[in-house]
Amino acid sequence: MVTNDKGFIPLKHRVIEGLARIAWNGEVTEEAKEGLIRELSPGPKAAFRCCVYKEREILRWRIRLACNEDASPKRKSSNVIQVIDPACEECPISSYSVTDNCRLCLGKACQNSCHFGAITMTDQRAHIDPMKCKECGMCATACPYSAIAQLTRPCKKPCPVNAITYDENGLCVIDDNRCIRCGQCVHSCPFGAISTKTHLLQVISAIKEGKEVYAMCAPATEGQFGKDISMSAIRVALKKLGFTDMVEVGLGGDMTAAYEALEWSEARKEGKKMMTAAYEALEWSEARKEGKKMTTSCCPAFINLLKIHFPDQYHENMSETLSPMAAVSRYLKAIHPDCVTVFIGPCMAKKSESQEMGIEGNADYVLSFGEFSSLLRSKDVQLEAEVSPYQEASLWGKNFASSGGVANAVMECMRERGEDTTDIKLRACSGGKECVTALSLLKAGKLPEDFIEGMACEGGCVGGPSRHKAENEIKKSRQSLLDEADTRKVLDNLKNYPMDKFSMMRDK
């Protein structure tokens, strides 16, 4: 995420880096954690909150998350995304407030429209009592001067599934049964009150124990650290950290595209059979509405959206092919049975996929780009330009990181097998709200397209919540790196890998 040297994001990374340094040097004890807290908040004056006592308590919650524990010492949750309660108390509690446009008019339309007695008149303007307000919005509708504004708290605004509410004290509450783990709320909170669990200590422990630990870098990695930092440069840095080796997950993109293309082909055949039968029965329009349609399976937040909010479509329409991350992990575990696999990328939902979805052979751990950068700093490793060639994925697999990239790669595989794709209608959804719209149409039987590519982040993975730079800067650097890649075909590339040694289906 783009930031300067101030604010909650650098503070979060200092916590992670400090814990990592402790872990490299020995055991992360309670005494060591408390020492880190005092180092970050030495006092007597507060550095970033109202007092040292509050900021130290916030740091304790952050440290628990960084240790892959629940943020609250009393509240248990399976969600990788959690609220740091002590940090969540600065936002206005009331969703409706009266602005200076209020004229204290004689009609009192706002007061008369309120059925809960929440509005009174002061000397200057109307006042809404947040303890009585039920947030129905009737007052805002009734005001002839549009003087009542609705305030949507920044954590709630980007959530595509309305998973965020507030308790009686105004503290943010994430409904784990609605949350799709997209992570859009995390950096939207200006007080850093929402964060994620971290697998950093487990990764360090595996390296120190001498295990074979393989890094798997997301296709979105290229461009995140500048135009001179190639996948080869990332690979060198990871080996300095103690990783056995690295594989670019763009290779998994090739794998997923090839197998998803087979599913798409079968879906087309099934749809065409329905159309033929319907045409003969003069029911073409109804068959068109009910023809076999499919959704992609790469974005874990999109899969969570399907599974939680559109369960019928999850079972009927979702591709059964593994995500690129899971595909590369299974590939590595097939040739290195005892290895540990660690995904590195901009996605917070990947932590959910790794820990919650129960896919056999999936990544053992997931690190965000911010956590990866903290890991580098913890061992004083620098990313340096590297000219040695390294490429395991086709350009199609590399472009899984961008909106439309998955669907384009799947159709490329179909074309490489000699299929005509000119009649395929695609819907590339960029962002959670577009995904919800498309799936609502699919559920209603009104989706005109044949296939949905679902990406919960706008712009695709390159716009993920843990991106390292501004999106336009990433794209510019990324294009420079992709211009240097060769133009190998997807199916030809996969001939170099033992695809018969592992399954590409999610439930096998």
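Details of the structure are given in the entry above.
Given the structure is predicted, the values throughout are model-derived calculations rather than measurements.

Caption draft 1: Structural view of empty space enclosed by the protein. Within the structure shown, the criterion is met by 6 cavities of 30 Å³ or more. In this structure, the largest cavity encloses a volume near 270 Å³. As for the largest cavity, its lining consists of 23 residues, and the residues nearest its centre are Cys-298, Cys-299, Pro-300, Lys-350 and Cys-461. Those elements that provide at least two residues to the lining of the largest cavity are α10 (300–309), α12 (324–335) and α13 (349–356). Among the residues making up the lining of the largest cavity, the classes are represented as 21 nonpolar, 1 polar and 1 charged.

Caption draft 2: Molecular detail of the pairing of strand β14 (residues 426–430). Direction of pairing for β14 relative to strand β15 (residues 451–455): parallel, over a ladder of 5 bridges. When the sheet's bridge partners are listed, Leu-426 is paired in β15 with Phe-451. Running through helix α17 (residues 432–444), the crossover from β14 to the neighbouring parallel element β15 is right-handed.

Caption draft 3: Highlighting the packing of aromatic side chains. One pass over the structure, following the stated rule, counts 5 aromatic pairs. Relative to Tyr-497, the ring of Tyr-331 lies with its centre 5.6 Å away and its plane at 85°, an arrangement referred to as edge-to-face. Of this pair, Tyr-331 sits in helix α12 while Tyr-497 sits in the segment after α19 (490–494), and the two are 166 residues apart along the sequence. We note that Tyr-331, like Tyr-497, is buried. The interplanar angle of 50° and the centroid separation of 6.3 Å between the aromatic rings of Tyr-331 and Phe-502 together place this pair among those described as tilted. Here Tyr-331 is found in helix α12, whereas its partner Phe-502 is found in the segment after α19, with 171 residues between them in sequence. Judged by relative accessible area, which is 11%, Phe-502 ranks as buried. Feature note: the residues Phe-225, Phe-369 and Phe-372 constitute an aromatic cluster, connected by ring pairs. When the ring centre of Phe-343 is taken as reference, the NZ or CZ atom of Lys-350 above it lies at 5.7 Å.

Caption draft 4: The arrangement of the pairing of β15 in detail. The element β15 is largely enclosed, with a buried count of 5 among its 5 residues. Burial along β15 is two-sided: the residues Phe-451, Glu-453 and Met-455 and Ile-452 and Gly-454 are all buried. As judged from the 2 bridges shared by strand β11 (residues 294–295) and β15, these two strands associate in the parallel manner. Counterpart to Met-294 in the pairing with β15 is Phe-451.

Caption draft 5: Quick peek at the sheet that holds strand β12 (residues 340–345). The parallel open sheet is built from 4 strands, whose spatial order is β10-β9-β12-β13. Looking along the sheet, the strands with just one partner apiece sit at the ends: β10 (245–248) and β13 (365–368). The sheet shows a mean angle of 25° between the axes of neighbouring strands, direction not considered. Here strand β9 (residues 213–217) pairs with β10 via 4 bridges, running parallel. When the sheet's bridge partners are listed, Tyr-214 is paired in β10 with Asp-245.

Caption draft 6: Main features of the pattern of salt bridges. This structure, assessed with the given rule, holds 28 salt bridges. Here Lys-489 makes a salt bridge to Glu-412, at a shortest N to O gap of 3.6 Å. In this pair, Lys-489 sits in the loop between α18 (471–482) and α19 while Glu-412 sits in helix α16 (residues 405–416), placing the two residues 77 residues apart along the sequence. One salt bridge connects Asp-486 with Arg-488, and the closest N-O pair in it is separated by 2.9 Å. Several salt bridges share partner residues, and in doing so they unite Glu-17, Arg-21, Arg-377 and Asp-380 into one network.

Caption draft 7: Molecular detail of helix α2 (residues 30–40). Among all positions of α2, only Lys-33, Leu-36, Ile-37 and Leu-40 are buried. Relative to the axis of α2, the buried residues are bounded by an arc of 100° and lie together on one face. Exposed side of α2, more than 90 degrees from the buried face: Glu-31 and Glu-39 are the residues found there. Of the surrounding secondary structure, the elements contacted by the buried residues of α2 are α1 (8–25) and α3 (52–66).

Parameters and conventions
- Numbers given to residues run from 1 along each chain, matching the order in which its sequence is written.
- Residues qualify for local features only when their pLDDT is at least 70, as the model is predicted, and side-chain atom pairs are given and counted only at 80 or more; totals for whole chains, interfaces and linings, by contrast, use all residues.
- Hydrogens and water are ignored here; the side-chain numbers use all heavy atoms of the structure.
- Think of a 1 Å grid over the protein atoms and nothing else: a 1.4 Å probe that fits but is trapped marks a cavity, an open set flanked by protein within 12 Å on at least five of seven lines marks a pocket, and residues with an atom within 4 Å of a point count as lining.
- Grid points are joined across faces, edges and corners, and a volume is the space filled by probe spheres set on the points.
- A run of DSSP states H or I qualifies as a helix once it reaches four residues; a run of E qualifies as a strand once it reaches two. Both are numbered from the N-terminal end.
- Note on residue classes: Ala, Val, Leu, Ile, Met, Phe, Trp, Tyr, Cys and Pro are nonpolar, Asp, Glu, Lys and Arg are charged, and everything else, Gly too, is polar.
- Pairing between strands requires that DSSP locate at least two bridges from one strand to the other.
- A right-handed crossover is one whose linking path, passing over the helix from the first strand to the second, runs clockwise when the strands point away from the viewer.
- Only Phe, Tyr and Trp rings take part, Trp by its six-membered ring, and two of them pair if their centres are within 6.5 Å. Stacked means planes under 30 degrees apart, edge-to-face means over 60, and tilted covers everything else.
- Residue exposure (1.4 Å probe, protein chains only): buried if accessible area is under 20% of the type maximum, exposed if over 50%, otherwise partly exposed.
- Counting as a charge over the ring demands two things of the Lys NZ or Arg CZ atom: a distance within 6 Å of the ring centre and an angle within 35 degrees of the ring normal.
- For helices, the fitted line uses only the C-alpha atoms of the stretch in contact; every axis is such a line through C-alpha atoms, and the angle between N-to-C directions lies from 0 to 180 degrees.
- Salt bridges are defined by distance alone: a side-chain nitrogen of Lys or Arg within 4 Å of a carboxyl oxygen of Asp or Glu.
- In this description, the arc belongs to the directions extending from the helix axis to the C-beta atoms.
- Two residues form a contact once any of their heavy atoms are found within 4.5 Å.

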